[in-house]
Amino acid sequence: MNKLEQLKQRSQVVADTGDIEAIRRYRPHDATTNPSLLFKAAQLPQYREHIAESLAWAQNHSGDRAKLAAIKLAVAIGGEILQLVPGVVSTEVDARLSFDTRASIDYARRLIALYEQAGIERERVLIKVASTWEGIAAAAVLEREGIHCNLTLLFSFCQAVACAEAGVTLISPFVGRILDWHKANSGRDHYSPEEDPGVVSVRNIYHYYKSRDYPTIVMGASFRNTGEIEALAGCDRLTISPQLLQALEEDSAALAAGLETDVERESRPPRPLSEAEFRYQLNNDAMATEKLAEGIRNFVQDQERLESLLRQQIEGAAENNAAANSQTF
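Below or above, wherever it landed, is the structure these notes cover. Note that the coordinates shown come from a computational prediction; the quantities given were computed from them, not determined experimentally.

The rules behind the values
- Residues numbered from 1 in each chain as written.
- Predicted model: local features only at pLDDT ≥ 70, side-chain atom pairs only at ≥ 80, totals over all residues.
- Heavy atoms only, no water.
- Helix = DSSP H or I, 4+ residues; strand = E, 2+ residues; numbered from the N terminus.
- Rg over C-alpha atoms; globule rule 2.2 N^0.38 Å.
- Buried < 20%, exposed > 50% of the residue type's maximum accessible area, 1.4 Å probe, protein only.
- Lys, Arg positive; Asp, Glu negative; His and termini not counted.
- Charge placed at Lys NZ, Arg CZ, Asp CG, Glu CD.
- 1 Å grid on protein atoms, 1.4 Å probe; cavity = no way out; pocket = protein on both sides within 12 Å on 5 of 7 lines; lining within 4 Å.
- Points joined across faces, edges and corners; volume = space filled by probe spheres on them.
- Nonpolar A, V, L, I, M, F, W, Y, C, P; charged D, E, K, R; others polar.
- Pairing = 2+ DSSP bridges.
- Axes fitted to C-alpha atoms, helices over the stretch in contact; angles between N-to-C directions.
- Contact = heavy atoms within 4.5 Å.
- Phe/Tyr/Trp six-rings, centres within 6.5 Å; stacked < 30°, edge-to-face > 60°.
- Lys NZ or Arg CZ within 6 Å of the ring centre and 35° of its normal.
- Parallel < 35°, antiparallel > 145°, perpendicular 65-115°, else oblique.
- Salt bridge = Lys/Arg side-chain N within 4 Å of Asp/Glu carboxyl O.

Description of the overall build of the protein
Secondary structure assignment for the protein yields 14 helices and eight strands. Against the 2.2 N^0.38 benchmark of 20 Å for 329 residues, the protein shows a C-alpha radius of gyration of 21 Å, consistent with a compact globule. The buried share of the protein, taken over its 329 residues, is 54%. Averaging the positions of the 35 positive and the 46 negative side-chain charges in the protein gives two centres separated by 2 Å.

Quick notes on the layout of surface pockets
Of the pockets and cavities examined, the largest pocket occupies roughly 630 Å³. Lining the largest pocket are 28 residues, and of these Asp-16, Asn-34, Leu-37, Lys-40 and Ser-241 sit closest to its centre. Put simply, the parts of the chain that give the lining of the largest pocket at least two residues each are α3 (35-41), β8 (237-240) and α12 (242-249). A total of four residues in the lining of the largest pocket trace back to one element, the largest contributor, which is α3. Considering only residue class, the lining of the largest pocket consists of 11 nonpolar, 11 polar and six charged. Taken together, Trp-133, Ile-136, Ala-137, Ala-140, Ala-162, Glu-165, Ala-166, Pro-272 and Leu-273 form the lining of the second largest pocket.

A look at empty space enclosed by the protein
Using a probe with the size of a water molecule, rolled over the atoms, empty space left in the structure can be pinpointed. If you walk through the whole model with that rule in mind, you get three cavities of 30 Å³ or more. In this structure, the largest cavity spans a volume of roughly 100 Å³. For the largest cavity, the lining is made up of 15 residues, of which Leu-38, Ala-74, Glu-92, Tyr-107 and Gln-303 are closest to its centre. Elements with a minimum of two residues in the lining of the largest cavity: α3, α5 (65-82), β3 (89-92), α6 (101-117) and α14 (286-328). Per-element tally for the lining of the largest cavity: the top contributor is α5, with three residues. Residues that form the lining of the largest cavity fall into these classes: nine nonpolar, four polar and two charged.

Observations concerning the sheet that holds strand β4 (residues 125-130)
One closed barrel accounts for eight strands, arranged β1-β2-β3-β4-β5-β6-β7-β8; its pairing is parallel. Taking the axes of each pair of neighbouring strands and ignoring which way they run, one obtains an average angle of 30 degrees across the sheet. For strand β7 (residues 217-220) and β8, the ladder comprises two bridges, and the chain directions are parallel. Among the inter-strand pairings, Gly-220 is bridged to a residue of β8, identified as Leu-238. Packing against the sheet, helix α7 (residues 133-144) makes contact with β4 and β5 (149-154), and its axis sits at approximately 170 degrees to β5.

Focus: the packing of aromatic side chains
What characterises a pair of aromatic rings is the spacing of the ring centres plus the angle enclosed by the ring planes. Applying the stated rule across the entire model yields five aromatic pairs. Consider the rings of Phe-157 and Tyr-208, whose centres lie 5.0 Å apart with planes at 80 degrees: the pair is edge-to-face. One end of the pair, Phe-157, is in helix α8 (residues 157-166); the other, Tyr-208, is in helix α10 (residues 197-211), and 51 residues separate them in sequence. A residue is classified by how much of its surface remains accessible, and Phe-157, at 39% relative accessible area, is partly exposed. Look at Tyr-208 and you get buried, because its relative accessible area is 12%. Positioned over the ring face of Tyr-214 is Arg-268, at 4.1 Å from the centre of the ring.

A short note on the packing of α7 against helix α13 (residues 275-283)
Orientation of α7 relative to α13, taken along the N-to-C sense of each, is 135 degrees, at an axis distance of 11 Å. Taken together, α7 and α13 sit at an angle that is classed as oblique. Between α7 and α13, the residues in contact are Trp-133, Glu-134 and Ile-136 and Glu-275, Phe-278 and Arg-279, respectively. Looking at the contact of α7 with α13 residue by residue, the class counts come to three nonpolar, no polar and three charged.

Side note on the pattern of salt bridges
Applying the stated criterion across every chain yields a total of 23 salt bridges. Across the pair Glu-277 and Arg-271 runs a salt bridge whose closest N-O atoms are separated by 2.6 Å. Residues participating in the shared-partner salt-bridge network are Lys-3, Glu-230 and Asp-251.

Considerations on unusual backbone geometry
Positive phi, normally seen in glycine, also occurs at Arg-27, with a value near 50 degrees. Tracing the backbone shows Arg-27 in the loop between α2 (20-26) and β2 (30-32). Taking relative accessible area as the criterion, Arg-27 reaches 60% and is therefore assigned exposed. In this model, Leu-153 sits at a positive phi of 50 degrees, which is unusual for a non-glycine residue. Take Leu-153: it is sitting in strand β5. Here Leu-153 falls in the buried class, since its relative accessible area comes to 1%.

Quick look at the environment of Arg-279
Mapped onto the elements, Arg-279 comes out in helix α13. Judged by its relative accessible area of 37%, Arg-279 falls in the partly exposed class. Sequence separation between Arg-279 and Ala-140 is 139 residues, and the spatial gap between their C-alpha atoms is 17 Å.

Shown next, in the form of structure tokens:
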């Protein structure tokens, strides 16, 4: 077996892409999207029909039509992905709402309503929310409503602890972005997979969860190389880009040993992490503070780029209609 086949025997493999052809090729169990991936997907010819349908739907609803079309497009692409994967698809809440609990809840409910209107059960969707205090609070409410959540942009141990205590379905700790920060700030330009700071972070979170019987799924994300992936083989799930899926598929060597999955049982903390404790611990972690803020900014930027692309098409269609009407008149 190649390394991808070996990995699938130890972890659920998730495609970190909105590219339908890549999902069809690598046959992952789940798929995950974000504003950056949706912006790229919106520029591919195979999504023109989805864009046209999303724009037409937005025309019949009040509000910012570009924002509405972006929501509808995310659901349309998610629905197509679900025809190819047996598991779930992750769809993201607008990152501009990362510090607004109520607005995040409302946005998530709207996404689920659109999926259900399309005939897709909520059990097949994970709502992605940034791992801010407000995002985790929103996820706690949504989970009680049967809306399952994927807490993303997770870089610190305190974020992981708060997510587990909130009862979220899944977390996506970012491996590669942690490595990026350490390379930029430590003076080192190389880390072995076993000492990779991102790998170490996920390993610690995984062992904390399993030793205390937290049911929250750990899904390593944001990989920079296959060595990181192999070091985390055995993690509940791993979300991997098409480029690294291809590299694993083309490698027929034996997969690395990966995570130690047998852990000693330990007691859970006597009380949940408070907001003050969470904010202090996050603030005390320079890497996590910087990467969380950067991640939100980047997702917002790509969300706005997607909406700008859709707005241009709305305006272009309006101009064409006006020109056609004037000629008819």
